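Working through the structure, step by step
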Amino acid sequence: MSLASLEWGRMRPTGRRMPGFGGLVIDMPLLVLVLLIASVGFVVLYSALGANTSLLLRQGLRFAVGLTAFFAFSQVPPRYLRIWTPWAFFLGIALLLAVAIEGEIGKGAQRWLDLGIVTFQPSELMKLAVPMMVAWFMHDRPLPPTFLQIVTTTLIVVVPAVMIAEQPDLGTAMLVIAAGGLAILLAGGAVPVLWHYMRDYQRARVFMFLNPESDPLGAGYNTIQAKIAIGSGGLFGKGWMNGTQAHLEFLPERQTDFIFAVMGEEFGLLGLLLLLTLYLALVGRGLWIAAHAQDTFTRLLAGALSLTFFFYVFVNAGMVSGLLPIVGVPLPLVSAGGTSMVTLLAGFGMLAAIHGHRKLLAP
Amino acid sequence: MPLQSTRLKDHWQEQQLFFTRVIAAAVIIVLLSGVLVARLVVLQVVEYERFVELSQGNRFRLEPLPPTRGIIYDRNGLVIAENLPSWELVAIAEEIDNLDATLKQLEALGLVDPGEHKTLRDLVRGHRGFERVKLSNLTEEQAAKFAVRRHRFPGVDIEEALARHYPFAEATAQAVGYVGSISLQDLERIDRSDYAATSHIGKTGIERAFEADLHGHVGFRHQVVNAQGRVLSDPAAEKEAEASDIPGMPKSKRPSQGNNVYLSIDMRLQLAAQAALGESRGAVVAIDPRNGDVLALVSTPAFDPNRFAEGISKADYNALTNDQDKPLINRALQGIYPPGSTVKPFIALTALQSESIAPDKELYCTGEYHLPNQTHKYREGKGGVHGNVNLHDAIVRSCDVYFYQLALTMGIDSLANGLKVFGFGAPTGIEISGEQSGVVPTPAWKKKQFSKAEDQGWYLGETVNVGVGQGYVLVTPIQLANAAATMATRGDRFKPRLLLGTEDPITRETAWSEPVALPRVDGPSDAEWQFVHDAMVGVTADLHGTARAAMQGATYKVAGKTGTAQVFTVGQDEKYREADVDERLRDHGLFIAFAPADAPRIALAVIVENAGFGASAAAPVARKVFDAYFAAEGYVAREP
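Residues numbered from 1 in each chain as written. Chains lettered and ligands numbered in written order. Predicted model: local features only at pLDDT ≥ 70, side-chain atom pairs only at ≥ 80, totals over all residues.

Our focus in this paragraph is the overall build of chain B. The number of helices and strands found in chain B is 27 helices and 23 strands. Of all 640 residues assigned to chain B, the portion counted as buried reaches 43%. At a minimum sequence separation of 6, the contacts of chain B that also span at least 24 residues come to 75%. (Helix = DSSP H or I, 4+ residues; strand = E, 2+ residues; numbered from the N terminus. Buried ≥ 20, exposed ≤ 12 C-beta atoms within 10 Å, placed from the backbone. Contact = placed C-beta atoms within 7 Å.)

Right under this line is the structure:
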């Protein structure tokens, strides 16, 4: 007897599931695309880490944890997700409060909650909990939302976003706003923008976007170095492990936020186009799942998760290539880093579940 | 919620709405992706060349390499300034576990100054972890001491460099000068790129005057560095940098060593003069009258130029500048003194030439002189009564009263011109800087010098004073020496020079410099020159000659003239008594001379400050220098 049927058997939906995989829900297109992107990511990361295998191994472990989350969430029928949503959301709010209080005591930026064994970023939870909460709120209500409902859903998005921005973690706050806002948008509402909650230095970073080269050694330095890395990669790149910008430490945050530039330098335009194609395929698969979802909650959630994923890619690639201001948004599935990888794969797990646990109307 | 209850969920319509939104989102995604791709195409295709260039610039850095400074030799090839290995103790912060403890241990070994513990600690912490921060200079012994204990000091290392060293130390301090750390002022007189790797620059003397020859040219080496400036050793990449044609990046090249410099100085004379001056304040300048070669240029007290090259502490520097003996002043060029009676040969020559006096005309010396209708006494410098003296005797015995009258007969303009043609009142033009002009006073000069009308008039008394080298007349030792040289050559003048030639350190080819002739002193006839020469020989040889004692027993014939310059004006009815006067207000002793008198090869001027009579204070110094010159066996003048 398989482990899955033992563990998850009780949660099986009443309707028919997709065939195959010994009763497990596995979305092959999602899985293959995720594995392809992650493989590309490991190759680039190996170079960005300076051939440091132990660091790469840690990233591999994170990916393994993320894949576990992916498979786990794949098995959870969406209605359970829906039931848990308010709990997850308010737990997230409570944790954000806890972090804020701890940060107040610690007199500094505080994003992490030390749970003894692991540290945990409540803001990561909110990346999923916020669009889920919006979808949950709209689930039983007719679409498009009324003005009052838009206000309510906006509050669902804004309250945690502001708390995260206060940490201060503008990047994550923006992603939370994007995830929630996209859910509202998909529900038929309009999205208010909350730039005025930004701190001065965050605004400065945004305004810098207008002329990134005005301050070559200040905030714009990273952008310039990233552009040099990408631009000097040319069509075919300098070759794997040959990126001078990355290896000579000219490129900041090259394993994390700026790994897109490492890719561009070493694999050139062709490499970047390949990666973008994989990302778009993944987003396309997500939107396809959303379009075929069967109720408002799953539709909105699937759509929001897919669009948020694209938002990640676009914001990261945009900032690294100098199109957008620099906000700390990692390149999904490629950048080194723990929680965002797990969160992302958990989200894809939800997508798989939404698709895999459909009730087949016609056999 | 009444509003909600009236609305029903229309699943079909909702799915349609959602579907159109998804389509819209997909379109937006495609558009945004298009923007992104367009951006990448711009960066990676359109602007590719520019970014490649920028990335190359990032990657390769030119490390400037310092050239080795040229060596300074004396005229016989003796090393005066060289480059010796020196050792610096450096700290690399990232390799040190406990900086405080490490410093304490180094202090215990006597390698680091405990007084600078805090300064050094902050200095090390203020640098990036991988940077090498200098802690101290080490002697060879200290370096050895550290070397055997190196294993106990991770992150502390010895760096070897070349440091300027002056083997003759104080003896050459004034003439050769010294090198020191490049200051902001120095930056204005150099091509900064050529000094990119150079830490020291010639500050004074020869080191400064021939900086361009001595310094050489900077070299470059390519380095691969990261954004933090850490140098990565990557020979392959460095080779690539060599091979590639990166715009604006010079090829690597070796630094070209500075030229060696041969000085006209003869260290034997230099050392003899230094020793002869001893503890006293004074200067000696010896010149080869045939070409202007400066054979010795000494100023005492001196200082150890090596301390400057090593890096002198603020306290030590202040001690030198505040020393009332002014050791940093080059008295030979910067000291201005009343020449006293040393001007008498020049005045006598002018007088003969202008027929102001017949050589055998006798005047009666009573020991003091009054201007007509004035009560002011112009005293015989040494006191005493010379009785009837002619011009020859007046020089030999240095009779002031004779020259008082002679000066009055000649008039100030004739006196002044007679001095100016010998180069007094103007810099001689020797290569090293800081030279003073001195003063040859004229009524016009006085008018310019004083602002108040009542001070501007010229008095006969002032003419009288010029006649014995007092009053406003001021000369430098090098002017005196060069005038003595001109006297020796009977009119041929040369610009005094320290540079014999420069030598290419690689090819060993030497470019000898030509003597620079100055306008001749043409007026006097041979007989007139001879008359003055004879009188000057009389100074050292005649029974009453003032320098007879000093030159007694010399194997060569010396023509000279003593001088005693008043620093302090003695009251009208007092007698000058050395013991009564504060040491610093005592007279300066001077002496000029050339030898051999018949065919002069060396002319010199000596001044000993506050030492009393020139005959007893300065002439013996000259004797020692002459002795050194003529005793030197196998001496070969380096003929250009």
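So that's the structure; there's more coming.
Right, let's get into the overall build of chain A. When its secondary structure is counted, chain A shows 13 helices and two strands. Put simply, chain A has 363 residues, and 54% of those count as buried. For chain A, the share of sequence-separated contacts (at least 6 apart) that also reach a separation of at least 24 residues comes to 72%.

In this section: the environment of Ile 326 of chain A. With respect to the helices, strands and loops of the structure, Ile 326 of chain A is situated in the loop between helix 12 (296-320) and helix 13 (339-356). Owing to 25 C-beta atoms within 10 Å, Ile 326 of chain A belongs among the buried residues under this scheme.

So, on to the nonpolar core. Counting 124 residues, the largest nonpolar core has Val 284, Val 285, Ala 286, Ala 484, Leu 604 and Val 625 of chain B as its most contacted members. Element by element, the count of residues in this core is highest for helix 23 (residues 477-488) of chain B, at eight residues. When residues of this core are assigned to domains, at least three map to each of domain 1 (64-218) and domain 2 (269-631) of chain B. Among residues more than four places away in sequence, those in contact with Ala 286 of chain B are Leu 269, Ala 273, Leu 295, Ala 296, Ala 481, Ile 602, Leu 604 and Val 625 of chain B. Counting 122 residues, the second largest nonpolar core, distinct from the first, contains Leu 186, Ile 230, Leu 272 and Ala 304 of chain A. (Core = buried A, V, L, I, M, F, W, Y, C linked by C-beta atoms within 7 Å. Domains from an automatic or database assignment.)

All right, on to the packing of helix 6 (residues 147-165) of chain A against helix 7 (residues 170-187) of chain A then. All names here are of chain A. Packing of helix 6 against helix 7 leaves a shortest axis separation of 8 Å and a crossing angle of 170°. The angle between helix 6 and helix 7 falls in the class roughly antiparallel. Between helix 6 and helix 7, the contacting residues are Ile 150, Thr 153, Thr 154, Ile 156, Val 157, Pro 160, Ala 161, Ile 164 and Ala 165 on the first element and Leu 170, Thr 172, Ala 173, Val 176, Ile 177, Gly 180, Gly 181 and Ile 184 on the second. Looking at side-chain class alone, the contact of helix 6 with helix 7 contains 12 nonpolar, five polar and no charged residues. (Axes fitted to C-alpha atoms, helices over the stretch in contact; angles between N-to-C directions. Parallel < 35°, antiparallel > 145°, perpendicular 65-115°, else oblique. Nonpolar A, V, L, I, M, F, W, Y, C, P; charged D, E, K, R; others polar.)

Before going further, it helps to spend a moment on the interface of chain B and chain A. Interface size, as often reported, equals the accessible area lost upon joining of the parts. Taken residue by residue, the interface counts 40 residues in chain B and 42 residues in chain A. Secondary-structure elements contributing two or more residues to the side of chain B that touches chain A are helix 1 (2-6), helix 2 (11-46), helix 3 (48-59) and strand 8 (219-225) of chain B. It is helix 2 of chain B that contributes the most residues to the side of chain B that touches chain A, 19 residues altogether. For the side of chain B that touches chain A, the per-class residue count stands at 24 nonpolar, seven polar and nine charged.

Residues and elements named next belong to chain B. Pairing is antiparallel across the open sheet formed by five strands, whose spatial order is 12-11-23-22-21. Of all strands in the sheet, those with a lone pairing partner are strand 12 (293-300) and strand 21 (559-565), marking the two edges. Taken pair by pair, the neighbouring strands of this sheet meet at an average axis angle of 5°, ignoring direction. Pairing analysis gives seven bridges linking strand 22 (residues 588-595) to strand 23 (residues 602-608), with the strands arranged antiparallel. Bridging from a neighbouring strand, Ala 593 pairs with Leu 604 of strand 23. (Pairing = 2+ DSSP bridges.)

This next bit is on the confidence of the model for chain B. All names here are of chain B. In the predicted model, chain B carries a mean pLDDT of 84, and the fraction of residues at 70 or more is 88%. Confidence, read as mean pLDDT per element, is least for helix 1 in chain B (47) and greatest for helix 23 (95). Confidence over residues 1-5 falls short of pLDDT 50; this stretch has two contacts with residues more than four positions distant or in other chains. Residue range residues 634-640 is modelled with pLDDT below 50. Its contacts to residues more than four positions away, or to other chains, number eight contacts. Our summary of model confidence lists the complex with pTM equal to 0.61 and ipTM equal to 0.84. (pLDDT = per-residue confidence, 0-100.)

Cis peptide bonds are those with omega within 30 degrees of zero, and the linkage from Thr 300 of chain B to Pro 301 of chain B qualifies with -5°. At the junction of Ala 595 of chain B and Pro 596 of chain B, the peptide bond is cis and its omega measures out at -15° in the coordinates. With respect to the helices and strands, the residue Pro 596 of chain B is situated in the loop between strand 22 and strand 23. The backbone of Met 241 of chain A sits at a positive phi, close to 70°, despite the residue not being glycine. Relative to the elements of secondary structure, Met 241 of chain A occurs in the loop between helix 9 (220-233) and helix 10 (244-247). Phi at Asn 610 of chain B takes a positive value of approximately 50°, unusual for a residue other than glycine.

Turning our eyes to something else, we now look at the packing of helix 12 (residues 267-277) of chain B against helix 27 (residues 619-631) of chain B. All names here are of chain B. Across the interface, helix 12 lies against helix 27 with an axial gap of 9 Å and an inter-helix angle of 155°. Judged on the interaxial angle alone, helix 27 and helix 12 are roughly antiparallel. Seen along the crossing, helix 12 lies across helix 27 with a hand that is right-handed. Where helix 12 approaches helix 27, its residues Arg 268, Leu 269, Ala 272, Ala 273, Ala 276 and Leu 277 are matched on the opposing element by Val 621, Lys 624, Val 625, Ala 628 and Tyr 629. For the contact of helix 12 with helix 27, the per-class residue count stands at nine nonpolar, no polar and two charged. (Left-handed = near helix turned anticlockwise from the far one by under 90°.)

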